[in-house]
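Inside the fold
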Amino acid sequence: MAGQIIELPKITDPRGNLTVAEQLKDVPFDIKRAYWVYDVPGGESRGGHAHKRLKQVVIALSGSFHVTLDDGKEKQTFLLNHPWQGLLIETGVWRTLDDFSSGAVCLVLASEPYEEEDYIYDHDEFLAYVAK
């Protein structure tokens, strides 16, 4: 499948837990960009695109949301709701994030800096791209 849940180190401490994500150790690529999505209004979706080169790890830092992945052949939906787990998304995969809980914060660790030409925003174009 086009995505898999990866466990990140969880250090438990009575003062508060800590999770670490190191490139090429916990995350299987060099991290070249990090961004976070928050204050998503009820009923709204994020994502709705694929990448030609970029890989990502998506983490629910707070709250929960669903990520649906489509590799052109099958779809799979993941519930992200633990800050010590990340969803590794490979290249050439359509992703949609939805069902954000109130206060949810989504962190994305990306293998590449932002490049507009890496994005596929049209689903039919995506299906043609993965059919090659």
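Located above this text is the structure these notes cover.
Below you will find a few notes about this structure.

The rules behind each value
Residues numbered from 1 in each chain as written. Predicted model: local features only at pLDDT ≥ 70, side-chain atom pairs only at ≥ 80, totals over all residues. Heavy atoms only, no water. Helix = DSSP H or I, 4+ residues; strand = E, 2+ residues; numbered from the N terminus. Rg over C-alpha atoms; globule rule 2.2 N^0.38 Å. Buried < 20%, exposed > 50% of the residue type's maximum accessible area, 1.4 Å probe, protein only. Contact = heavy atoms within 4.5 Å. Areas by Shrake-Rupley, 256 points an atom, 1.4 Å probe, with all protein chains shown as cover. Core = buried A, V, L, I, M, F, W, Y, C linked by side-chain atoms within 4.5 Å. Pairing = 2+ DSSP bridges. 1 Å grid on protein atoms, 1.4 Å probe; cavity = no way out; pocket = protein on both sides within 12 Å on 5 of 7 lines; lining within 4 Å. Points joined across faces, edges and corners; volume = space filled by probe spheres on them. Nonpolar A, V, L, I, M, F, W, Y, C, P; charged D, E, K, R; others polar.

The helix and strand inventory of the chain stands at 1 helix and 12 strands. For the chain, the N- to C-terminal ordering of α and β elements is β-β-β-β-β-β-β-β-β-β-β-β-α. Relative to the compact-globule value of 14 Å for 132 residues, the chain shows a C-alpha radius of gyration of 15 Å, a close match. Dimensions along the principal axes, computed over C-alpha positions, put the chain at roughly 50 × 35 × 25 Å. Put simply, the chain has 132 residues, and 36% of those count as buried. For the chain, long-range pairs separated by at least 24 residues make up 76% of all intrachain contacts whose partners lie at least 6 apart in sequence. Accessible area of the chain: about 7400 Å², with a carbon and sulfur share of 48%.

Of all hydrophobic cores here, the largest spans 18 residues; its most connected members are V58, F65, V67 and C106. Broken down by secondary-structure element, the contributors of at least two residues to this core are β6 (56-62), β7 (65-70), β8 (75-80), β9 (85-89) and β11 (105-110). At 3 residues, β7 tops the list of elements feeding residues into this core. Contacts of V58, omitting those with residues within four sequence positions, involve F65, V67, L80, Q85, G86, L87, I89, L97, C106, L107 and V108.

Time to look at unusual backbone geometry. Phi at L24 takes a positive value of approximately 60°, unusual for a residue other than glycine. Looking at the secondary structure, you find L24 in the loop between β3 (18-19) and β4 (33-38). The phi dihedral of D99 falls on the positive side, at around 55°, and the residue is not glycine. Along the polypeptide, D99 turns up in the loop between β10 (94-98) and β11.

Before going further, it helps to spend a moment on the sheet that holds strand β12 (residues 119-120). Within the open sheet, the 5 strands sit side by side as β8-β7-β10-β5-β12. Their pairing is antiparallel. Strands at the two margins of the open sheet, each flanked by one partner only, are β8 and β12. By the bridge criterion, 2 bridges tie strand β5 (residues 46-51) to β12 in an arrangement that is antiparallel. The residue of β12 that forms the bridge with H51 is Y119.

Taken as a whole, the largest pocket encloses approximately 230 Å³ of empty space. Lining the largest pocket are 14 residues, with Y35, V37, R46, G47 and H49 sitting closest to its centre. Sorting the residues of the lining of the largest pocket by element identifies β4, β5, β6, β10 and β11 as the ones contributing at least two each. Among the elements that make up the lining of the largest pocket, the one with the highest residue count is β5 (3 residues). In terms of residue class, the lining of the largest pocket is built from 9 nonpolar, 3 polar and 2 charged.

Attention shifts here to the pairing of β9. Burial within β9 is extensive, with 5 of its 5 residues counted as buried. Judged by which residues are buried, β9 turns out to be covered on both faces: Q85, L87 and I89 on one side and G86 and L88 on the other are all buried. Summarising the sheet, strand β1 (residues 3-7) and β9 pair through 5 bridges and their orientation is antiparallel. Opposite I6, over in β9, you have G86 as the bridge partner. Note: β6 against β9, 3 bridges, orientation antiparallel. For V58, the partnering residue across the bridge sits in β9 and is L87.

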